[in-house]
Every structure is written in structure tokens, then in C-alpha cells.
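Listed below, chain by chain, are the residues.
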Amino acid sequence: MVRLKTTLLGGTAALTLGTAAFAQDQTISAPQTEPVVTGTILTDPADVLQITADASITVDTGPALIINSDNQVENLGGITITNQDAVGATGVLIENNANFGEFTQGQDILLTSDQTVGSDPNEPNFEVAPDFANDRYGFRLAAGSYSGNVIFTDDVIIDIDGDASFGQRYEGNLDGNISTAADISLRGAGSTGIQVDGNVTRPMAGDTSQGNFEYLAGSEMFVSGVGSNGIVINGNLAGRVLIGGSVEVTGFQDLTPDADDDEDENNDAQRMLDSGDGVTITGDVGEGILVDGLLPLEYDFPAENSESTDDDDTIVTSSASIIVRGSGTALTVDGGVATSTIGLVDTSNIEKETDADLVNPGAVPDYGSFGFINRGTITGDGIYDGVDGNGARFANTTISGGIRNDGSITAFASALREEDGQAPIGADAVALRLGNGLVTDRLVNDGLIGAAGSNTGATATALSIDAGAQIMSIVNSGTIESNLASDSGDSKAISDASGTVQTLTNTGIIVANLRDDNDGDESTTGDAGTPTGEAIAIDFSTNSSGVTITNTVPEATFGSGDSRSTFGRVIGDVLTGTGNDIY
């Protein structure tokens, strides 16, 4: 085939070419003020459309760029939607079951508004979010079936003001790959940063570069709005889910609670502005879920979020973070009624470290195979009194190999005390919840699982295993810790209501701390120095088959200057059940 190249220097791109005998690539290198439509510009499936960095597309409502033909598109120009009240405004739309091969977005997509936070005249201290237009999209893959890779480079900022809107939404099935390094800023109620509703499959079996959802290192997402979410994956993936960047979600308009004596105090109003979730995965994932970041010191490998130096050392350049400020859960894996299946993360390139710092390098265990691995930061922070904090939750899913945490999974919450006629509001901090319907072999923790609660009416649980979950073993070489300051309420490091755990091996720290709530009221039990709750390090009281609890020392990572007393510690009560327990 002979290929010709046509350059569009100016004017609009919505033009019609006659029937062509040869493939004709098209280049747009000047600003456009009308939608660019591939089905109008390109006449042969082999044609490629390139929009250069000197070009841009600025339209009233959009879609600004429509890909409705079987053509590859590289857009290095920016997109701006000028009508801030336009319902359904869209930056990029892929439709018509196009087999587009590859789409690359290399510059910003802007659908912003000049509306600002207002106030409710009936409640002067209550800041009111703007009433943005609905159904606004930075990128949209419409319902249908498609073939191609979608790539957002790290030069892209998607900035959207819109209710019930999306930074990126994949409604149709995609035979290809999703890879995004874009920054996303989204403001609006009920909105979502990225949502994948269709299935993501592989054109060729065994091609691990396809069938994935990859949110790459360096990406930053901030989603603010009542009931809004960060990343939602509802479809089934042939490959993996990689979270390498940062995701932050909140419904609050003010992230700093006011002091009680502040004349503009509006904590009650803010408390009602609750968020959605950080990252939610409901579908099957064939090759596991990885929240990326640093490995434990006893392991080494060329990480994806790293760069190699001239002397072949690997420097990890970033760790993923998922933060929810509000009662939403930072990370959820829940297959719902249908249940889901999570396959194994590829850990074949992780090697044992052999530095001289290890007394016995040969005793370092294999890293192991797991369906879920966290090496980043997962945090749920209620911020305001009376708002729960929830870190990570797994339910209604079968996770191959187990769950591994090398990073941190944390939760923070404080209750609202009863004062000045205000009814108290309790708050629970749960760092890691293994919920009903979870089936997995083991939990391995080489990082931090921690929950902290404060004020009377709060509780703190680092690891909660609910009735209906199935997990056989817990291996802890890191820290599992609960901290609570409360006149009442329990502090629990490990709480197992499932009765299915058979072994707990601890070479790290398991600790439950509890102290009284210094609320300034000397008549309360707490200020007398005796909280009524319990500090429970390990609660296996529902187990009737027997549990073996082993505290030991990790010889392989034991340096000559370390103290053995710092390993294998359990601080707090240990409750066992009716079985033949060994401790």
C-alpha cells in the first residue's frame, strides 16, 4: 500500500475527502473550533490521525474529538469545552464499535466552571457546593465492543467541574489495554475520577501487555464532592490492576475542623458532606491487584515505578497512595452477589536480597504468590468527630494465594462527645476488614496495619475478620496496632469473628493500646483513669476448632546490633475459643 500524508494547517477538521485509492495519514497542526471527527476525515482503516502539540480543539459543548472509525489517533493538542453549563459535555468520545488500534492523549482536557463555594442563607456557616452541570466527561468509551489501547501520557491534566461526571469512563468492552498517567482533578457530587464498566480482554492469549488497567506512577487524582469516588472497576479484566499513582477523595469542603469556640464553626455541616470510596474493584481480575511501592528490605527487584542507575542499582521513585477523607473506604474489593475471582500478581522478578546486613540470607523466605499486594499507602480518615474511618475492605471475592501488605493500611476516627445538648455520635476506625464472602488462604503483613480512635464512643480495630469470611493463616512480621483514647469502647489489634483462622505466626508486633478519654469531665470513668473498654491484642474467642499462635524471631533479618526483645511481641489481652488452642 502506498501511504500519503495530508496536513491540515488551519480551519476546521470536519471536512469530507473524496474516495481515496491510497491510505492518507492526516495531521492537524492548527487550532480547531469545530469537532474533529475521524469518520469524516479518514477514509481508510490504515489512516492515522495526528493532532500536534501546536493544535487544540475548543468547542462549546463537544464532543470535541470523536473517534468513530477504525483508525489510530494521537492527540498531542489540548481540548477545552467552553460552555460550563452544558449537560453531557465531552472532551473525547470513542463510539460506533471502532477498532481504533491505539488512542493517545498527550495534552490537557478542560471542562471547568467559574462557580465557587456559596452559602446557605438559612445556615450562614454552611458552605454550599456549586450546582454543576451533570454528565460531563473528559474521556468516554461508549457502550459497545472495541479493539485498541487507550493511553494517557504524563503531560495530561483532566480538569472537570460536573455533578455525576467522569474524568475517564469506559462503558464498552475493550479488547486491548488501559494505561493512564494523567492527573485528574474533579469537583462535583456523585462523580468519579475513572470508571471501567466494560470488560478488558486480550487480543492474543498470553500477551501480558494487554487486558490491564494501569494507573501509573506519578499520576495524581483529587476528587471532591458528596458521594464521589476515585477509581471504580466494575468490568472483568484478563490482566491486572496496577495502582501506581495517588488517589485522594473527599466530600468535605474544609479539611480542617474548626475549634469549638470559633465564631465561624461549621463542623456539623461539614460532617454531612461525606465522600464515596477511593478505589473500588467489583469484577474479576485475572492477574491480581498491585498497589505499588517499596519492597521490604530483604527483597529486591526492578520495580515498575523505579529507574536504574549506571551501576545497575534500582531506585524506587514513588509509592502509590489511596486516601479517603470521610467515611468512604479507601480500597474495596467486593464482588457483590455475583462474587469475584482475583488471580495471582506476577512476582517472578522479585529476588531475595543478599546483602551482608542479613545474618542468614539463605533463610529469607520466598516472597510468595498473592492475588492482592499493597506496597503503598491506604488510608481512611474520618477527620470530623462522628465520622468513621475505613482503610481497606475485602468481601464476596476469592483471592488466589492470599493478601500481602508491605506498605501501610490505616484508619483514623474520633467520636462526637455529648456536649451542650448535642447528642453523641460514635465513630469506628477499621484499618483492614476481611468481610463476609472473602475466601483466601492467608494474610501476610510485613508493613503496618493500624487503627486509631479517640473520644468516648469511638472504637479502633486494626484487623477485623467478619463472620462469613474464610482465611486459614495470618503471618505478621510487621506491625498490627490499635490505639484508642476513650472512656468506653474497645481497642482491638486482631478481631476474628469468622472462627476460620488456624495459625498465627508473629515475628513482629501485635499491640492494642487503650487509655481514658481526657474530656475534661472529672465525673466520667475515663478521667478517673479507668476506661470501661478492653485492649485486646488477639481475639480468637469464636474459634471452636483450635488456633496455633507462634511468636518467634526472624533470624534471616536479624542484624548483629539488634535486640531480640523487639521481635515477636504481643501487647494486650489474648482471647481464645473452645478448641484445642496452642500459644
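Residues numbered from 1 in each chain as written. Predicted model: local features only at pLDDT ≥ 70, side-chain atom pairs only at ≥ 80, totals over all residues. Heavy atoms only, no water.

*Asks:* I'd like a description of the overall build of the protein, backed by residues and values.
*Replies:* From N to C terminus, the protein includes 2 helices and 54 strands. Buried positions account for 52% of the 583 residues belonging to the protein. Here the protein displays about 23100 Å² of accessible surface, and carbon together with sulfur accounts for 46% of that area. (Helix = DSSP H or I, 4+ residues; strand = E, 2+ residues; numbered from the N terminus. Buried < 20%, exposed > 50% of the residue type's maximum accessible area, 1.4 Å probe, protein only. Areas by Shrake-Rupley, 256 points an atom, 1.4 Å probe, with all protein chains shown as cover.)

*Asks:* So, the environment of G188: which residues are in play, and what are the values?
*Replies:* In this structure, G188 sits in the loop between β19 (183-187) and β20 (192-196). What G188 contacts, discounting residues up to four positions off in sequence, is F132, G162, D163, S224, G225 and S228. (Contact = heavy atoms within 4.5 Å.)

*Asks:* Can you lay out the pairing of strand β41 (residues 408-414) for me, pointing to particular residues and giving the numbers?
*Replies:* Here β41 lies mainly inside the structure; 6 of its 7 residues are buried. In this sheet, β41 lies alongside strand β37 (residues 377-381) in parallel orientation, the contact comprising 5 bridges. Within β41, the residue paired with T379 across the bridge is T410. (Pairing = 2+ DSSP bridges.)

*Asks:* Explain unusual backbone geometry residue by residue, including any values.
*Replies:* Residue P63 is bonded to the preceding G62 through a cis peptide linkage, with omega at 5°. Tracing the chain through its elements places P63 in the loop between β5 (56-59) and β6 (65-67). Non-glycine residue A164 carries a positive phi angle of around 50°. A relative accessible area of 28% places A164 in the partly exposed class. The backbone of T339 shows a phi angle near 60°, a positive value even though the residue is not glycine. With respect to the secondary-structure elements, T339 resides in the loop between β33 (329-334) and β34 (340-342).

*Asks:* Outline the packing of aromatic side chains, supporting the account with residue identities and numerical values.
*Replies:* This structure, assessed with the given rule, holds 9 aromatic pairs. Between the aromatic rings of F139 and Y170, the centroid separation amounts to 5.2 Å while the plane-to-plane angle is 45°, which identifies the pairing as tilted. Of this pair, F139 sits in strand β14 (residues 137-141) while Y170 sits in strand β17 (residues 166-170); the two residues are 31 residues apart in sequence, bridging distant segments of the chain. According to the relative accessible area criterion, F139 is buried, its value standing at 0%. Judged by its relative accessible area of 1%, Y170 falls in the buried class. (Phe/Tyr/Trp six-rings, centres within 6.5 Å; stacked < 30°, edge-to-face > 60°.)

*Asks:* Summarise the confidence of the model for the protein; cite the residues concerned and give the values.
*Replies:* Mean pLDDT over the protein works out to 87, with 83% of the residues at or above the 70 mark. Below pLDDT 50 for its whole length, residues 8-22 participates in 33 contacts with residues either more than four positions away or in separate chains. Across residues 121-125, where pLDDT falls below 50, the model places 5 contacts with residues more than four positions away in sequence or in other chains. (pLDDT = per-residue confidence, 0-100.)

*Asks:* Hey, could you go over the pattern of salt bridges for me, with residue numbers and the actual values?
*Replies:* Taken as a whole and assessed by the stated rule, the structure comprises 13 salt bridges. With a shortest N-O distance of 2.8 Å, R187 and D159 are connected by a salt bridge. Of this pair, R187 sits in strand β19 while D159 is found in strand β16 (residues 157-161), placing the two residues 28 residues apart along the sequence. Note that D292 is salt-bridged to R375, the shortest N-O span being 3.1 Å. With D292 in the loop between β28 (289-291) and β29 (299-300) and R375 in the loop between β36 (372-374) and β37, the pair connects residues that are 83 residues apart, well separated along the chain. Like R375, D292 is buried. (Salt bridge = Lys/Arg side-chain N within 4 Å of Asp/Glu carboxyl O.)

*Asks:* Got a sec to walk through the nonpolar core? Specific residues and values, please.
*Replies:* Residues F103, F213 and F394 are the most contacted members of the largest nonpolar core, which totals 105 residues. In contact with F394, other than residues within four places in its own chain, are L331, V333, F372, I399, I403, L432, R433, L434, G435 and L438. Counting residues in each nonpolar core, the second largest holds 11 residues, with L242, L290, I350 and F370 among its members. (Core = buried A, V, L, I, M, F, W, Y, C linked by side-chain atoms within 4.5 Å.)

*Asks:* I'd like a rundown of the side chain of T180, residues and numbers included.
*Replies:* Note on placement: T180 falls in strand β18 (residues 173-180). A polar contact of 3.1 Å, which involves the side chain of T180, links it to the side chain of Q168. Among residues more than four places away in sequence, those in contact with T180 are F152, Q168, I194, E214, Y215, L216 and S219. (Polar contact = N/O pair within 3.5 Å; in protein donor to acceptor, adjacent residues only side chain to side chain.)

*Asks:* Hey, could you go over the environment of V364 for me, with residue numbers and the actual values?
*Replies:* Within the secondary structure, V364 is located in the loop between β35 (351-352) and β36. Taking the C-alpha atoms as reference, V364 lies 8.6 Å from Y299; in sequence the two are 65 residues apart.

*Asks:* How would you explain the side chain of S228 if you had to name every residue and give the values?
*Replies:* One can find S228 in the loop between β23 (220-224) and β24 (229-233). Residue class for S228 comes out buried when judged on its relative accessible area of 0%. At a separation of 2.9 Å, a polar atom in the side chain of S228 contacts the main-chain amide nitrogen of S191. Every residue in contact with S228, bar those within four places of it in the chain, is listed here: G188, A189, G190, S191, V223, V249, S275, G276 and D277.

*Asks:* Please provide a residue-by-residue account of the pairing of strand β7 (residues 72-75), values included.
*Replies:* Residues V73 and N75 point to one face of β7 and are all buried, whereas Q72 and E74, pointing to the other face, are not buried. Relative to β7, strand β4 (residues 48-51) is paired through 4 bridges, and the arrangement is parallel. The partner of I51 across the bridge, within β7, is N75. Both β7 and strand β10 (residues 101-105) contribute to a ladder of 3 bridges, which runs parallel.

*Asks:* Give a detailed account of the environment of I51, specifying residues and quantitative values.
*Replies:* Within the secondary structure, I51 is located in strand β4. We classify I51 as buried; its relative accessible area is 1%. Residues I51 and Q105 lie 54 residues apart in sequence; the distance between their C-alpha atoms is 9.6 Å. Those residues in contact with I51, other than ones at most four positions away along the chain, are I28, I57, L65, E74, N75, L76 and G77.

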